[in-house]
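Coordinate inspection notes
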Amino acid sequence: MLVVDDHALIREALRGVLKELKGDATVLEASSGSQAMQVIAAHPDLNLVLLDLNLPDRDGFSVLTELGERYPTISVVVLSAQQDRDSVVRALDLGALGFIPNPVSAR
C-alpha cells in the first residue's frame, strides 16, 4: 500500500490504521505526486494507493489520471478534505474506487 499526502502526521496516522487492520501490510509513503510515481515505479506490485488531492507539486487529479493510464491494476482511493460533489464525481470518473472525506484539514 502507498499513502500519498504532503502532511507527515496524516501519513503516520493512516499508516497506523492500516497496520492495525492488516498487521502484515507493507505501507509505503510519499509526500508528493512525483515521489508517489517514483515509489510506484520501484514497487510495481503495489495493490492500493490512498491519494490526497492537494499535493505540493501537482494536482491530485492529474496523479489519479496518470495512475489509471500507467498502472491500471492498482486500486486508488482518494482521501481528501476537498469533498465537494464535483471533486467526488471527478475522482470517481477518473478511476478512483472510492472517496473518503477527510474532515480535518492539516493546513
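For the structure, see preceding data.
Residues numbered from 1 in each chain as written. Predicted model: local features only at pLDDT ≥ 70, side-chain atom pairs only at ≥ 80, totals over all residues. Heavy atoms only, no water.

Describing the side chain of Glu66
- Inspection of the secondary structure assignment puts Glu66 in helix α3 (residues 60–70).
- The exposure class of Glu66 is buried, given its relative accessible area of 17%.
- Within the structure, Glu66 has its side chain in polar contact with the side chain of Arg70 (distance 2.5 Å).
- If sequence neighbours within four positions are ignored, Glu66 has contacts with Met37, Arg58 and Tyr71. (Helix = DSSP H or I, 4+ residues; strand = E, 2+ residues; numbered from the N terminus. Buried < 20%, exposed > 50% of the residue type's maximum accessible area, 1.4 Å probe, protein only. Polar contact = N/O pair within 3.5 Å; in protein donor to acceptor, adjacent residues only side chain to side chain. Contact = heavy atoms within 4.5 Å.)

Remarks on the packing of helix α2 (residues 33–42) against α3
- Remark: α2 packs on α3, axes separated minimally by 11 Å, with the N-to-C direction vectors making an angle of 20 degrees. In terms of orientation, α2 lies roughly parallel with respect to α3. Here α2 runs over α3; the crossing is right-handed. Along the contact surface, α2 presents Gly33, Met37 and Ile40, while α3 presents Val63, Glu66, Leu67 and Arg70.
- Residues belonging to the contact of α2 with α3 are distributed by class as follows: 4 nonpolar, 1 polar and 2 charged. (Axes fitted to C-alpha atoms, helices over the stretch in contact; angles between N-to-C directions. Parallel < 35°, antiparallel > 145°, perpendicular 65-115°, else oblique. Left-handed = near helix turned anticlockwise from the far one by under 90°. Nonpolar A, V, L, I, M, F, W, Y, C, P; charged D, E, K, R; others polar.)

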